[in-house]
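So you can see what is in the structure, the chains are spelled out below.
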Amino acid sequence: MHIVRSESYQGSPAWLVAFTSAAEACLVFYGWYFAVGLVQLLLLHAIISALVVVAGLLWFRRGGANASIALYIVSIVALGPIGGVGSAVMELIRWLSSRSSITFEEWYERLFPRLLSDRTQALYELIEWRGAKPSRKSTVAPFCDVLDQGSVAQKQAVVTLIADHFKPELSPALQRALNDPEPAIRVQAATAAARIENHFLQRSVVLQEEHEAEPDDLSIARGIALHHESYAKSGLLDAERAASERRNALEINMWLLKASPKDPELTAAVARLLLELERPQEAIRLLGPWLRAKSIPKVLVSPLADALYSLKRLSLLRRVSARLVASLTTDEADEPLRASLGLWIPHDG
């Protein structure tokens, strides 16, 4: 499949092509019939070339734009009649191939087809992508199932949805599409990955500009840190680049935490990043004072448990597990963590 850009070029100056071709043909005939010397032929060719170049420059300055004509002029000047014949053959091949070509817009539409849906489907997608659902009942597993067992069209629809509504939780599905046995799906997934990464980069530039305009706005700095975290979790980066993004987020959050040392949200964010960077000792030093508090904020439960387990401080984890569970709510989203911590609660007898 040949892809062409749907750009509009002004019409080719047929008179210039016809004049140059006729002049070069006459020059060949003149040299063959009268058996003139090479110097005279080169002089006549130089005159024709100068006229063609001047005419071409005048046409381009008046708004003409055609790559084929520019190549034709260069070929004639450099190679004489042979260049003209070569350009003609090239144009013939281009014309033959263009008969089966499609525009760039059509090619892109095939990669990311617009999904046609009825009102029920549209409502479902609105609920699904806006998060109005229990978190445990909506996972990436159905997407992976479609990528494993679905048709090419169904796989394309899934990749399109991932590209349009990407979030880090969808990274496993995108990675599976990148390794799909169907070449068309791999190409579409690679295009989607590049598009998603470009969106991250554009967002980073916007956030940086906002921060430079208002350097004292802590909410903007927090947004930049969250952006670095999301980028690290996107699954688009290798291990080193992901760690670099986490270090950037950690540096910003540490700076924010100095301004608000009692903020449990910031404390949890810093502790989580330290754990992801395999620095649990620093995480537990940060979280230690909260263990001595009367009540442990819910947001700190998971990083506390992770830090204690990573450091193999299992006896302390058993002693505080009941307090950690008491800090959780009865929401369904907390149920997996509640069940895990429940295994550490000592039972009499």
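Residues numbered from 1 in each chain as written. Predicted model: local features only at pLDDT ≥ 70, side-chain atom pairs only at ≥ 80, totals over all residues. Heavy atoms only, no water.

Thoughts on the pattern of salt bridges
Evaluated as defined, the whole model comprises 10 salt bridges. Across the pair glutamate 229 and arginine 222 runs a salt bridge, and its minimum N-O distance is 4.0 Å. Accessibility assignment for this pair places glutamate 229 and arginine 222 in one class, buried. Three or more residues joined by partner-sharing salt bridges are found here, namely Arg222, Glu229 and Arg272. (Salt bridge = Lys/Arg side-chain N within 4 Å of Asp/Glu carboxyl O. Buried < 20%, exposed > 50% of the residue type's maximum accessible area, 1.4 Å probe, protein only.)

A closer look at the confidence of the model for the protein
Mean pLDDT over the protein: 79, with 81% of residues reaching 70 or higher. Mean pLDDT across the secondary structure elements of the protein bottoms out at strand S1 (residues 3-4), with 44, and peaks at helix H13 (residues 264-276), with 94. Note on residues 1-11: pLDDT is under 50 here. Beyond four places in sequence and across chains, it has 24 contacts. Note on residues 129-138: pLDDT is under 50 here. Beyond four places in sequence and across chains, it has 16 contacts. (pLDDT = per-residue confidence, 0-100. Helix = DSSP H or I, 4+ residues; strand = E, 2+ residues; numbered from the N terminus. Contact = heavy atoms within 4.5 Å.)

Observations concerning a nonpolar patch on the surface
Together, Phe19, Leu43, Ile47 and Leu51 give the surface a local cluster of nonpolar side chains, amounting to about 390 Å² of exposed area. Broken down by element, the residue count for the nonpolar patch peaks at three residues, all from helix H2 (residues 38-61). Within the secondary structure layout, leucine 43 lies in helix H2. Given the relative accessible area of 54%, leucine 43 is considered exposed. (Patch = residues over 30% accessible without salt bridge, like charges linked within 9 Å, V, L, I, M, F, W, Y side chains within 5 Å. Areas by Shrake-Rupley, 256 points an atom, 1.4 Å probe, with all protein chains shown as cover.)

A look at helix H15 (residues 301-310)
Looking at H15, one finds that the buried residues are Val301, Pro303, Leu304, Ala305, Ala307 and Leu308. Trailing H15 by a residue or two, lysine 312 shows a phi angle of about 60°, which is positive.

Quick look at the packing of aromatic side chains
Each aromatic ring pair is summarised here by two numbers: the centre-to-centre distance and the angle between the ring planes. Applying the stated criterion across every chain, the model contains three aromatic pairs. Note on phenylalanine 166 and phenylalanine 200: the rings are 6.4 Å apart at their centroids and 80° apart in plane angle, and the pair reads as edge-to-face. In this pair, phenylalanine 166 is assigned in the loop between helix H8 (152-164) and helix H9 (171-178) and phenylalanine 200 in helix H10 (residues 183-213), connecting sequence segments 34 residues apart. Like phenylalanine 166, the residue phenylalanine 200 is buried in the burial classification. With centroids separated by 4.8 Å and ring planes inclined at 15°, the aromatic side chains of phenylalanine 200 and tyrosine 231 adopt a geometry described as stacked. Residue phenylalanine 200 is located in helix H10, and its partner tyrosine 231 is located in helix H11 (residues 218-233); the two are separated by 31 residues in the primary sequence. Assigned by exposure class, phenylalanine 200 and tyrosine 231 land together as buried. Joined through ring pairs, the aromatic side chains of Phe166, Phe200 and Tyr231 make up one cluster. One Lys or Arg, lysine 312, reaches over the ring of tyrosine 309 and ends 5.1 Å from the middle of that ring. (Phe/Tyr/Trp six-rings, centres within 6.5 Å; stacked < 30°, edge-to-face > 60°. Lys NZ or Arg CZ within 6 Å of the ring centre and 35° of its normal.)

As for the environment of alanine 22
Among the structural elements, alanine 22 can be located in helix H1 (residues 14-34). The exposure class of alanine 22 is partly exposed, given its relative accessible area of 41%. Through-space distance from the C-alpha of alanine 22 to that of proline 81 is 9.9 Å; in sequence the pair is 59 residues apart.

Some points on the nonpolar core
The nonpolar side chains of soluble globular proteins are, as a tendency, buried together. Ranked by internal contacts, the top residues of the largest apolar core, which has 38 residues, are Leu300, Leu304, Leu324 and Leu341. Elements with a minimum of two residues in this core: H11, helix H12 (239-259), H13, helix H14 (280-291), H15 and helix H16 (314-327). Ranked by residue count, the leading element in this core is H13, at seven residues. When sequence neighbours within four positions are dropped, the list of residues in contact with leucine 341 reads Val301, Ala305, Ser321, Leu324, Val325 and Leu328. Phe143, Leu161, Phe166 and Leu174 belong to the second-largest nonpolar core, a separate cluster that totals 24 residues. (Core = buried A, V, L, I, M, F, W, Y, C linked by side-chain atoms within 4.5 Å.)

Section: the side chain of aspartate 334
Among the secondary structure elements, aspartate 334 is positioned in the loop between H16 and helix H17 (335-342). Residue aspartate 334 is classed as buried on the basis of its relative accessible area of 10%. Discounting chain neighbours no more than four positions away, the residues touching aspartate 334 are Lys298, Leu328 and Thr329.

Examining unusual backbone geometry
Phi at glutamate 278 is positive, roughly 60°, even though this residue is not glycine. Within the element layout of this structure, glutamate 278 appears in the loop between H13 and H14.

Looking at the packing of H13 against H14
In a packed pair of helices, the relevant descriptors are the angle between the two axes and the axis-to-axis distance. One can describe the packing of H13 onto H14 by two numbers: an axis separation of 8 Å at closest approach and a directional angle of 160°. Of the possible angle classes, the one that applies to H13 and H14 is roughly antiparallel. In the packing of H13 onto H14, the handedness of the crossing is left-handed. From H13, Pro264, Thr267, Val270, Ala271, Leu274 and Leu275 reach across to H14, where they touch Pro280, Glu282, Ala283, Leu286, Leu287 and Trp290. (Axes fitted to C-alpha atoms, helices over the stretch in contact; angles between N-to-C directions. Parallel < 35°, antiparallel > 145°, perpendicular 65-115°, else oblique. Left-handed = near helix turned anticlockwise from the far one by under 90°.)

Overview of a negative patch on the surface
A cluster of like negative charges, contributed by Glu209, Glu210, Glu212 and Glu214, occupies part of the molecular surface. Inspection of the secondary structure puts glutamate 209 in helix H10. (Lys, Arg positive; Asp, Glu negative; His and termini not counted. Charge placed at Lys NZ, Arg CZ, Asp CG, Glu CD.)

A closer look at the packing of H8 against H10
Axis separation between H8 and H10 bottoms out at 9 Å; the angle between their running directions is 5°. When the axes of H8 and H10 are compared, the pair comes out roughly parallel. Counting all contacts with H8, which are made through Val152, Lys155, Gln156, Val159, Thr160, Ile162, Ala163 and Asp164, the residues of H10 involved are Ile185, Gln188, Ala189, Ala192, Arg195 and Ile196. Partitioned by chemical class, the residues of the contact of H8 with H10 number eight nonpolar, three polar and three charged. (Nonpolar A, V, L, I, M, F, W, Y, C, P; charged D, E, K, R; others polar.)

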